[in-house]
Number of protein chains: 4
Amino acid sequence: MPAPSDNWGRWGEGDQVGTLNLLGPSEVLAGLAAARDGRVLSLALPIKGATSGGAAAAVPHVRGRPLPQHYMAIDGADYAAGTRPVGAGLRVADDAVVVSPHGTTTHMDALCHMWAGERLYNGHPADRVRSYGAGRLGIEHAAARGVVARGVLFDVAAHRGVDHLGPLDRIGAAELAAIADSQGSSLRPGDAAVVRTGWPRVWDPRDPGRYQGAQPGLAADAGRWLAARDPSLVAADNAAVQGLDGDGRSTEDLDDDVHLTLLWRHGVHLAEMLWLEDLSSAVAARGRPDFLFIALPLPVQGGTGSPVNPVAVL
Amino acid sequence: MPAPSDNWGRWGEGDQVGTLNLLGPSEVLAGLAAARDGRVLSLALPIKGATSGGAAAAVPHVRGRPLPQHYMAIDGADYAAGTRPVGAGLRVADDAVVVSPHGTTTHMDALCHMWAGERLYNGHPADRVRSYGAGRLGIEHAAARGVVARGVLFDVAAHRGVDHLGPLDRIGAAELAAIADSQGSSLRPGDAAVVRTGWPRVWDPRDPGRYQGAQPGLAADAGRWLAARDPSLVAADNAAVQGLDGDGRSTEDLDDDVHLTLLWRHGVHLAEMLWLEDLSSAVAARGRPDFLFIALPLPVQGGTGSPVNPVAVL
Amino acid sequence: MPAPSDNWGRWGEGDQVGTLNLLGPSEVLAGLAAARDGRVLSLALPIKGATSGGAAAAVPHVRGRPLPQHYMAIDGADYAAGTRPVGAGLRVADDAVVVSPHGTTTHMDALCHMWAGERLYNGHPADRVRSYGAGRLGIEHAAARGVVARGVLFDVAAHRGVDHLGPLDRIGAAELAAIADSQGSSLRPGDAAVVRTGWPRVWDPRDPGRYQGAQPGLAADAGRWLAARDPSLVAADNAAVQGLDGDGRSTEDLDDDVHLTLLWRHGVHLAEMLWLEDLSSAVAARGRPDFLFIALPLPVQGGTGSPVNPVAVL
Amino acid sequence: MPAPSDNWGRWGEGDQVGTLNLLGPSEVLAGLAAARDGRVLSLALPIKGATSGGAAAAVPHVRGRPLPQHYMAIDGADYAAGTRPVGAGLRVADDAVVVSPHGTTTHMDALCHMWAGERLYNGHPADRVRSYGAGRLGIEHAAARGVVARGVLFDVAAHRGVDHLGPLDRIGAAELAAIADSQGSSLRPGDAAVVRTGWPRVWDPRDPGRYQGAQPGLAADAGRWLAARDPSLVAADNAAVQGLDGDGRSTEDLDDDVHLTLLWRHGVHLAEMLWLEDLSSAVAARGRPDFLFIALPLPVQGGTGSPVNPVAVL
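Everything quoted here is computed from the prediction, not taken from an experiment. (Residues numbered from 1 in each chain as written. Chains lettered and ligands numbered in written order. Predicted model: local features only at pLDDT ≥ 70, side-chain atom pairs only at ≥ 80, totals over all residues. Heavy atoms only, no water.)

*Asks:* Even after reading the chapter, I still don't get the overall build of chain A, so can you show me in this structure?
*Replies:* Along chain A, the regular secondary structure elements total eleven helices and 17 strands. The principal-axis extent of the C-alpha atoms belonging to chain A is close to 65 × 45 × 40 Å. Evaluated residue by residue, chain A yields a buried proportion of 67% over its 314 residues. Counted over contacts in chain A with a minimum sequence separation of 6, partners at least 24 positions apart contribute 76%. Surface summary for chain A: the accessible area is close to 9500 Å², and the carbon and sulfur share equals 49%. In chain A, 27 positive and 35 negative side-chain charges are present, and the distance between their average locations comes to 3 Å. (Helix = DSSP H or I, 4+ residues; strand = E, 2+ residues; numbered from the N terminus. Buried < 20%, exposed > 50% of the residue type's maximum accessible area, 1.4 Å probe, protein only. Contact = heavy atoms within 4.5 Å. Areas by Shrake-Rupley, 256 points an atom, 1.4 Å probe, with all protein chains shown as cover. Lys, Arg positive; Asp, Glu negative; His and termini not counted. Charge placed at Lys NZ, Arg CZ, Asp CG, Glu CD.)

*Asks:* Explain the interface of chain A and chain B to me, please; I cannot follow it from the model alone.
*Replies:* Size of an interface, as often reported, equals the accessible area lost when the parts are brought together. Contacts between the two partners involve 83 residues from chain A and, on the opposite side, 83 residues from chain B. Between chain A and chain B, a total of about 6300 Å² is buried, with carbon and sulfur atoms accounting for 63% of that surface. Connecting chain A to chain B are two salt bridges. Aspartate 94 of chain B is the salt-bridge partner of arginine 65 of chain A, the closest N and O atoms lying 2.6 Å from each other. Remark: the boundary between chain A and chain B carries 28 residue pairs in polar contact (both at pLDDT 80 or more). A class-by-class count of the residues in the side of chain A that touches chain B yields 49 nonpolar, 18 polar and 16 charged. Two strands pair when backbone bridges link them, and strand E3 (residues 90–92) of chain A and strand E6 (residues 114–116) of chain B are joined in this way by three bridges, in the antiparallel orientation. Its bridge partner being in E6 of chain B, leucine 90 of chain A is matched across the sheet by alanine 116 of chain B. (Buried area = accessible area lost by both parts, 1.4 Å probe. Salt bridge = Lys/Arg side-chain N within 4 Å of Asp/Glu carboxyl O. Polar contact = N/O pair within 3.5 Å; in protein donor to acceptor, adjacent residues only side chain to side chain. Nonpolar A, V, L, I, M, F, W, Y, C, P; charged D, E, K, R; others polar. Pairing = 2+ DSSP bridges.)

*Asks:* I'm lost on the confidence of the model for chain A in this one. Help?
*Replies:* Predicted coordinates in areas of low pLDDT are best not read in detail. Residues and elements named next belong to chain A. On average, chain A scores 91 in pLDDT, and the residues at 70 or more come to 92%. When the criterion is pLDDT under 50, residues 1–16 qualifies, and its contacts beyond four places in sequence or with other chains add up to 38 contacts. Under the prediction, the complex receives an ipTM of 0.94, its pTM being 0.94. (pLDDT = per-residue confidence, 0-100.)

*Asks:* Mind showing me how you'd approach the side chain of serine 280 of chain B here?
*Replies:* All names here are of chain B. Here serine 280 is to be found in helix H11 (residues 277–286). Taking the relative accessible area as the measure of exposure, serine 280 reaches 10% and is therefore buried. A distance of 3.4 Å separates polar atoms of two side chains, one belonging to serine 280 and the other to arginine 196. Those residues in contact with serine 280, other than ones at most four positions away along the chain, are Leu153, Asp155 and Arg196.

*Asks:* Please explain the pairing of strand E11 (residues 192–196) of chain A as it appears in this structure.
*Replies:* Taken residue by residue, a regular strand's side chains alternate between the two faces of the sheet. All names here are of chain A. Here E11 lies mainly inside the structure; five of its five residues are buried. Alternating residues of E11 divide into Ala192, Val194 and Arg196 and Ala193 and Val195, and every residue in both groups is buried. Summarising the sheet, strand E9 (residues 147–155) and E11 pair through five bridges and their orientation is parallel. The partner of glycine 151 across the bridge, within E11, is alanine 192. Both E11 and strand E13 (residues 233–236) contribute to a ladder of four bridges, which runs parallel. Along E13, the bridge assignment pairs alanine 192 with leucine 233.

*Asks:* How should the domain arrangement of chain A be read in this particular structure?
*Replies:* Considered domain by domain, chain A is made up of domain 1 (18–45 + 104–313) and domain 2 (66–98). Look at where the C-alpha atoms of domain 1 of chain A and domain 2 of chain A centre, and you get two points 36 Å apart. (Domains from an automatic or database assignment.)

*Asks:* Can you walk me through the relation of the copies chain A and chain B in this structure?
*Replies:* Copy one and copy two of the chain differ by a rotation about an axis and a translation along that axis. Expressed as a screw operation, the relation of chain A to chain B combines 0.0 Å of axial shift with a rotation of 180°, fitting to an RMSD of 0.0 Å. Between the two chains, the operation in question is that of a two-fold axis. Looking at the rotation axis and the C-alpha trace of chain A, the residue lying nearest is valine 98 of chain A, at 2.1 Å. (Least-squares fit on C-alpha atoms with pLDDT ≥ 70 in both.)

*Asks:* It is not clear to me how the relation of the copies chain D and chain A should be interpreted in this structure. Could you clarify?
*Replies:* Expressed as a screw transformation, the operator carrying chain D onto chain A has a rotation angle of 180° and an axial translation of 0.0 Å, and the superposed copies differ by an RMSD of 0.0 Å. Of all interface residues in chain D, 100% are interface residues in chain A too; the two copies therefore contact each other through one and the same surface.

*Asks:* I tried to follow the packing of helix H9 (residues 220–228) of chain B against helix H10 (residues 258–265) of chain B on my own but got confused; where do I start?
*Replies:* For any two helices packed against each other, the geometry comes down to the angle between their axes and how far apart the axes lie. Residue and element names in this part refer to chain B. Where H9 contacts H10, the two axes come as close as 8 Å, and the packing angle between them is 20°. One finds that H9 runs roughly parallel with respect to H10. Crossing hand, H9 versus H10: right-handed. Along the contact surface, H9 presents Ala220, Gly223, Arg224, Leu226 and Ala227, while H10 presents Val258, Thr261 and Leu262. Class assignment of the residues belonging to the contact of H9 with H10 gives a composition of five nonpolar, two polar and one charged. (Axes fitted to C-alpha atoms, helices over the stretch in contact; angles between N-to-C directions. Parallel < 35°, antiparallel > 145°, perpendicular 65-115°, else oblique. Left-handed = near helix turned anticlockwise from the far one by under 90°.)

*Asks:* Where do I start with unusual backbone geometry in this structure?
*Replies:* Glycine aside, a negative phi is what most residues show, and trans is what most peptide bonds show. Look at leucine 137 of chain A: it is not a glycine, yet its phi comes out positive at around 60°. Checked against the element boundaries, leucine 137 of chain A lands in the loop between strand E8 (133–134) and helix H5 (139–143).

*Asks:* Explanation requested: the pattern of salt bridges in the structure shown.
*Replies:* Between side chains of opposite charge, a pair can form when the charged atoms approach closely. Within the structure shown, the criterion is met by 56 salt bridges over all chains. Here aspartate 191 of chain B and arginine 150 of chain B are joined by a salt bridge, their closest N and O atoms 2.4 Å apart. In this pair, aspartate 191 of chain B sits in the loop between helix H7 (173–182) and strand E11 (192–196) while arginine 150 of chain B sits in strand E9 (residues 147–155), placing the two residues 41 residues apart along the sequence. A relative accessible area of 1% places arginine 150 of chain B in the buried class. Note that arginine 160 of chain B and aspartate 169 of chain B form a salt bridge whose closest N and O atoms lie 3.2 Å from each other. You can call arginine 160 of chain B partly exposed: its relative accessible area is 31%. Take aspartate 169 of chain B: its relative accessible area is 28%, and that puts it in the partly exposed class. Put simply, Asp155, Asp163, Arg196, Arg201 and Glu277 of chain A are held in one network by salt bridges that share partners.

*Asks:* Help me understand the interface of chain D and chain A, please; the structure alone is not making it clear to me.
*Replies:* Counting residues at the interface gives 24 residues for chain D, matched by 24 residues for chain A. Overall, the association of chain D and chain A removes approximately 1700 Å² of surface from exposure, summing both partners, and the carbon and sulfur fraction of that is 44%. Looking only at chain D, the three residues that lose the most surface to chain A are Ala81, Arg130 and Ser131 of chain D, adding up to 27% of its buried area. The interface formed by chain D and chain A contains zero salt bridges. For the pair chain D and chain A, the number of links is twelve residue pairs in polar contact (both at pLDDT 80 or more). Counting residues per element, the side of chain D that touches chain A draws most heavily on strand E2 (residues 69–74) of chain D, which supplies five residues.

Here it is, written out as structure tokens:
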């Protein structure tokens with residue numbers, strides 16, 4: 001998909017508003033065909049609420065973010081203590097969640113999540129992203145069809161023969177190409193490219209600093225290599241797809257920033273903070289790098305992203 | 001699946017903790033096989049935040065529930081007004097959602113959501129459902145594999161030749177059987193049964209009372225008929241699967257309550273408040289009632305449910 | 001206090017940023033002197049959380065607003081059900097509240113809450129009020145000293161000899177002057193003017209429409225009359241100080257809008273949705289209309305207001 | 001006030017439900033009389049929202065707590081970007097706050113906040129503290145009259161001639177007595193005892209570990225000494241009134257735990273995380289340790305506490 005600077009307005013309605021429109025029916029069917037055994041693996045980190053026990057902080061997260069909160073409105077202990085059942089004796093447990101998805105849990109980015117200058121992807125005015133929601137490119141557009149696609153795992157850690165990459169390691173285009181080559185399975189338009197660094201393995205809730213400092217990730221040319229292959233989605237198990245420096249920040253200049261290359265210039269959705277350890281083992285055991293990948297963001301109107309529970313069907 | 005009163009502890013680990021274990025690999029593959037065209041339809045209502053404009057109240061919801069809230073932490077209008085970009089010029093929009101899924105949006109119920117007496121489904125002690133989450137049968141178990149299954153639409157409104165059922169209409173077992181018969185497509189173990197009443201069509205944000213009063217839904221014998229067919233999930237477009245009386249409440253006695261029959265006695269997950277109007281047209285046009293149904297709840301640890309964006313792949 | 005259109009930048013630092021600076025030490029001492037008996041009355045509506053029981057909706061509120069939510073993170077029923085105490089046996093209950101103060105509970109408005117055109121009170125640029133908080137005139141400035149002042153009750157309902165005003169009743173300047181006259185107690189600079197309509201009495205949670213429709217309140221000339229007397233605060237028991245039309249909206253034009261007159265042109269803070277029924281009886285019994293009025297907004301940095309629990313000390 | 005173990009049920013209705021009933025009219029008047037100059041000082045830490053900038057984490061807080069969140073529903077930047085004004089041209093900014101007060105900001109504890117065994121203060125059954133709020137001793141009772149009282153500063157840091165106490169320093173009864181003696185101003189029933197350790201001075205947002213580790217505070221005998229003097233409230237600038245060990249926890253056994261002594265056995269409300277640096281200077285300059293102390297908790301029905309903005313009127 002060419003960058004919007006060359007092409008604003010060229011595509012059909014789907015692209016313009018932020019749906020995943022390289023993901024048409026034939027790509028969906030190709031995705032379904034990539035499943036063989038029917039085994040389903042969740043690729044999500046657990047969402048734990050920030051309660052008096054500090055559970056939320058036990059899950060990998062970026063520093064300084066508001067962690068998920070989960071509260072019961074009524075629960076079984078209440079009934080045990082004497083709360084009257086409903087109607088003829090029904091007992092109902094009810095709850096609420098507060099989630100700021102970026103940096104706190106497995107999530108998908110809307111096309112309105114990041115940009116440079118005054119315009120979003122495809123030329124939409126950035127000031128339409130307002131306090132009451134993004135008037136352009138909100139996650140509801142991605143939710144309209146979701147991602148039901150062929151997934152291809154780029155298991156960089158396995159390819160290097162390590163448990164996880166080092167914090168300063170960067171993944172270049174040549175390495176992605178070599179992995180694709182070695183597994184004889186190229187990335188096709190509409191596919192979901194799933195990149196494993198193994199970084200969640202370094203998470204230690206008693207010492208979050210290591211996870212939250214520098215992180216491995218895609219180099220600038222890898223972003224361009226992926227963009228040139230027109231995936232519907234690039235998903236990764238690190239916090240930002242690209243690498244981060246010691247302060248947990250992206251430090252590429254704007255031309256090289258992988259978020260900008262994929263999300264903003266080419267309209268490729270991103271998903272971050274996936275859990276890929278089980279998928280890595282399963283793919284290794286099976287000898288095929290592709291599978292059915294599904295991610296179904298919530299239709300939060302004007303949302304900049306959504307927590308998701310992506311699954312791989314092997 | 002026999003009721004747990006007869007069988008506590010008989011099933012394997014999956015069932016006991018609340019995964020959808022009649023949904024094994026072969027059922028998943030049967031689900032994938034039900035997709036033909038690769039067309040994906042979202043079956044979710046939009047999630048709109050409760051802001052100064054009252055958007056949240058514009059979406060169908062049950063009376064007296066805390067509506068979803070959606071807030072931007074930073075947005076495009078802020079940058080336009082002078083907020084400094086991040087790093088070399090990145091502009092990032094970020095947001096938070098507050099959701100109490102039951103009664104406010106399309107969602108899936110965990111097995112801990114409803115029970116009678118002192119025990120949850122499968123004999124788990126109900127007082128393990130506490131303020132910091134359900135220690136048994138939380139939605140994270142359903143999230144571990146999600147629902148990737150063959151879906152079968154029971155389009156009751158279409159079968160009756162009406163836009164939507166009336167508020168006092170109840171759907172009996174015989175009617176479900178007749179629909180299955182007429183469409184030559186029976187419900188198999190592990191399938192998702194999707195029941196359409198058309199009730200969301202009566203929603204009028206200026207007059208929420210009609211939607212929020214009595215609602216059509218499954219009669220007690222329909223709950224039993226479905227349970228006997230071992231579906232992985234029963235999904236409906238009304239607020240409670242079963243019918244509701246004029247105060248928006250379930251009034252069946254405990255033996256006949258459809259939530260208890262399906263969720264509590266038989267461990268059949270429920271999904272509610274789906275948007276089935278597009279699916280109804282698509283299925284009618286296509287002449288086949290089955291499709292690939294996918295719902296991927298978020299792994300909220302100890303959650304009583306999750307907002308979901310279910311999709312049908314035709 | 002002259003309107004800012006004439007005087008931008010004239011006042012000292014206090015006024016410019018939004019503290020209540022006509023409320024200097026001598027006005028505070030005058031406030032303390034107005035207390036005689038030492039009896040304290042809360043002037044706040046209760047804050048009830050929006051849980052499965054719909055408690056939040058049982059308290060007077062404006063239509064379409066996100067109601068307060070209150071959740072326990074851990075509670076006594078949890079311990080009774082077996083949750084382990086902390087340390088040597090401590091049991092701790094912990095909770096969270098979610099509050100959008102305007103229109104949902106007794107609250108105080110920051111000077112950044114309302115304006116016309118491009119500028120806030122005192123010429124501050126309105127676009128400094130951003131998603132991450134108001135960079136100018138946030139409620140933290142009012143919180144720096146709070147309101148500790150002489151309060152004067154304008155008990156309009158009592159003056160008219162009615163339980164509460166009618167929905168279309170407007171309170172004019174002449175009526176305020178007559179009340180002041182009749183009670184021999186004029187409003188002095190720095191005082192808090194407390195206006196009682198009695199409107200909360202019409203609240204019926206089973207029929208919120210009456211409260212939420214047209215409401216009595218101050219007429220335009222009453223706003224000007226008050227502004228001319230330099231109060232630190234104008235507080236009222238209706239939803240908007242001024243009257244509202246049948247849709248629950250303010251319909252004055254900009255010149256006459258009481259919020260604009262007081263909050264925006266003259267920097268007079270407002271407090272709304274007070275509970276004044278007990279105060280009305282107490283003042284009547286006591287025969288003096290003045291008392292010590294205290295409201296201490298939370299220092300929410302950049303907040304547009306704060307829930308408050310104002311008290312009168314008689 | 002004798003401990004409830006000796007006296008359950010002895011006191012009048014006020015005490016039983018959790019109001020501050022040693023704070024009758026004469027104590028309120030004594031409080032008012034303690035103000036001399038009319039100068040008002042806020043004793044609260046700022047509440048900053050947890051947004052993309054990490055502002056919330058910049059304010060002193062206990063480790064592992066859900067930090068305050070503050071979101072704009074609509075703001076000035078939105079209007080500048082083109083959002084239509086309301087009605088004839090009104091621009092309204094609106095926001096929401098999410099607060100878990102304990103450990104995150106200046107707050108007051110309800111009597112239901114802490115206990116040992118099965119019973120709250122005054123014998124109320126602890127299992128009435130449920131997910132939908134405390135059915136006994138919620139903060140709404142303290143809110144009914146608030147704290148309007150004579151405050152007495154125990155400026156321990158100043159007494160020791162240090163900027164702040166060390167992390168392992170404990171404040172004993174003898175030291176409190178010596179301070180009272182030296183300033184010739186004893187604590188009287190109904191007073192608010194305000195204890196300054198200076199600990200907030202060690203807060204460094206780039207290195208929160210020091211603040212969040214061991215903290216100075218009251219020793220067990222100081223808790224008893226205070227309880228014997230029947231204050232309405234004990235307020236402190238540390239996180240827990242009592243001292244904390246290196247993990248930020250209370251380690252006294254139950255008999256000696258200061259929360260239990262004050263809050264649970266004697267029904268003395270607590271306030272924590274105050275900002276007392278300005279008060280310390282003002283009191284030193286003035287040469288009188290007493291002042292009017294005011295704290296007005298929000299009437300959160302069934303709340304375990306409330307954020308507050310306490311003020312001292314000198």
